[in-house]
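The residues making up each chain are set out below.
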Amino acid sequence: MSNLILIIVGAALINNVVLSQFLGICSFLGVSRDMKASASLGGAVIFVMTIASAVASLLYTYVLAPLGMDFMKTIVFILVIAALVQIVEMFLKKTSPAMYKALGIFLPLITTNCAVLGVALTNVQDGYNFIESVLSGFGTAVGYTLAIVVLASIRSRINEEDIPAPLRGAPIVLIAAALMSIAFMGFSGLSF
Amino acid sequence: MNKYTERLYNGIIKENPTMVLMLGMCPTLAVSTQAINGIGMGLSTTAVLILSNVVISLLRKAIPDQVRLPSYIVIVASLVTVTELAMEAFLPSIYKALGIFIPLIVVNCIILGRAEAYANKHSVGLAAMDGLGMGLGFTMSLTLAGLVREILGSGSAFGVRILPESIQPMTIFIQPPGAFLVIALFITIMNAIGIKTRQRKLVESNGCDGGCAGCAMASSCSKAEGGEKK
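Keep in mind it's a predicted model, so treat the numbers as computed, not measured.

Student: Help me understand the interface of chain B and chain A, please; the structure alone is not making it clear to me.
Tutor: With 33 residues of chain B in contact, the opposing surface of chain A contributes 33 residues. Every element with two or more residues in the side of chain B that touches chain A is listed here: helix H2 (25–31), helix H4 (68–90) and helix H8 (176–206) of chain B. For the side of chain B that touches chain A, the element with the highest residue contribution is H8 of chain B, accounting for twelve residues. In terms of residue class, the side of chain B that touches chain A is made up of 27 nonpolar, five polar and one charged.

Below is the structure:
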C-alpha cells in the first residue's frame, strides 16, 4: 500500500513531469498564459493520461510482450494515444457537452503532448504492473496540472510588472519556471 | 546562394528551430546537461528529420490530404524505432544517457512541423537539405546549451575538466533549474540583439531615436515595438 502511495507522490511531486523531467514543456509554456485554460488543460491531461497509461499497460503486457514485439511499442503507443483522444472527444461530446465545451481545443492538442507518450513508455521501462501504471499516470498528470496552474498564476502577476525589454515574453517565464523547479527540488527530501 | 545552401542557412541561422521558432523545447531542456549529449541527441534527431523529410516528400502525391497527419506520425514513428535500435546497437553509452528522449523524437514538434510546412510541398533534394539544415540548427543550439551548462555546472567541456580545481562548479546548472535558466539566458541575448537591430531599422526609416517606450507616437507608429505588453 505505501508502495502505491509512493508512486503517486513520487510522480506528482518528487519527479515532477514538467519541472524535473521536461516533458510537455510546449503546452506548459504556451497555455499558462491564461489561468482558466491552464486548469482545463490540466483536467483534460489527468483524464487522458490515466486512461492512456491503463490501455498502454494492458496492450504491452497482453499483446506486445507475449508476441516479442517490444520494439513496436513507440509506434503502437502513439497510435493508441491518438485514437484514444479521438474516442474520448466523441464520448464527451455525446455524454457531457458541458465538459466537452470546457476542454475545447485542448483535447486534440494532448495527442502531441510528449508527457502522455513519455509516461506510457517509462511505465513499461520501470516494469510497472497494471495498477501501478494507472497510478503513475494519474500522479504524473496531477503533477503536470499543479505545475501549469501555479505557473499561470505567477504569470498573471508578472504581466503587471515592468520587465526589462529583452526579458519580456519567454525568458521571464523560463526564469519563473526555474525558480519553481528549485522549489520542487525540495520535495526530493521526502521519504517514506 | 543557391536554393540548396539557402535551406542550410535558413535552418541553422534564420529559422533556428530552438532559438527562433521555440520548437522542440523538451529535449533541449532535458538532455543539455553535457555537450556530448547535445551532439548525440541533435544528430539522431537530424537523422530522423532528413529521412522523414525524404520519405514524406517522395510520398507527397500518394498520401491523401485527409489522412496525412496519421500517415506522417506512422512514418516518423517507424523511422524513430529504426534509429533507436541502431543507436542501441552501435552507440550504447549515448543511448543510455538519452534514455526516454530517443523514442520521444516521435512527438518532437520540429519533425512534424517540417513535414507539414516544407517536405510535403517540395522536391526530394530540397526536402533533404531542409532536414539537414534544421537538424544542424537544432544540434548546434543543443550543443551550445550543453556546453554552457557543462562548463558552469561541472567545470568541464566535452568531459574534459577545464576549470581549475580551486573553482567550485555551480551544480545547480546541471540540475533541472539550470536548464530553464540557461535557455532563458539564450533567448534574452537573442532578444537583446533583435531589439537593437529593430531600433537601428527604426532610426534609419523614421528618423526617430528608436526608443519606443518613451515615444509619444508609439501608439500610432506602425513600426513601434508592440505586442509585448497587451
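Student: Looking at this model, I keep getting lost on the nonpolar core. Mind explaining?
Tutor: Here is a general trend for soluble globular proteins: nonpolar side chains tend to be buried in one another's company. Residue and element names in this part refer to chain A. Ranked by size, the top nonpolar core spans 105 residues in total, and within it Val116 and Leu117 carry the most contacts. It is helix H8 (residues 130–158) that contributes the most residues to this core, ten residues altogether. The residues touching Val116, leaving out its near neighbours within four places in the chain, are Val48, Met49, Ala52, Ile81 and Ile110.

Student: How should the packing of helix H4 (residues 73–95) of chain A against helix H7 (residues 114–125) of chain A be read in this particular structure?
Tutor: Each pair of packed helices gets described by two things: the angle between the helix axes and the distance between those axes. Residue and element names in this part refer to chain A. Look at H4 against H7: their axes get within 10 Å of each other, and the N-to-C directions meet at 135°. It follows that H4 is oblique to H7 by the angle criterion. As for how H4 packs across H7, the hand of that crossing is right-handed. Residue-level inspection shows Lys73, Phe77, Ile78 and Ile81 of H4 in contact with H7, the latter providing Val116, Leu117, Ala120, Leu121 and Val124. Partitioned by chemical class, the residues of the contact of H4 with H7 number eight nonpolar, no polar and one charged.

Student: For this particular structure, what's the right way to read the confidence of the model for chain B?
Tutor: Interpretation of the predicted coordinates at a detailed level should be avoided for regions scoring low in pLDDT. Mean pLDDT over chain B: 82, with 85% of residues reaching 70 or higher. Confidence estimates for the predicted assembly give a pTM of 0.80 and an ipTM of 0.83.

Student: Even after reading the chapter, I still don't get unusual backbone geometry, so can you show me in this structure?
Tutor: Even without being a glycine, Phe22 of chain A presents a positive backbone phi close to 60°. As for its position among the elements, Phe22 of chain A is in the loop between helix H1 (2–14) and helix H2 (25–31).

Scoring rules and cut-offs
- Residues numbered from 1 in each chain as written.
- Chains lettered and ligands numbered in written order.
- Predicted model: local features only at pLDDT ≥ 70, side-chain atom pairs only at ≥ 80, totals over all residues.
- Contact = placed C-beta atoms within 7 Å.
- Helix = DSSP H or I, 4+ residues; strand = E, 2+ residues; numbered from the N terminus.
- Nonpolar A, V, L, I, M, F, W, Y, C, P; charged D, E, K, R; others polar.
- Core = buried A, V, L, I, M, F, W, Y, C linked by C-beta atoms within 7 Å.
- Buried ≥ 20, exposed ≤ 12 C-beta atoms within 10 Å, placed from the backbone.
- Axes fitted to C-alpha atoms, helices over the stretch in contact; angles between N-to-C directions.
- Parallel < 35°, antiparallel > 145°, perpendicular 65-115°, else oblique.
- Left-handed = near helix turned anticlockwise from the far one by under 90°.
- pLDDT = per-residue confidence, 0-100.

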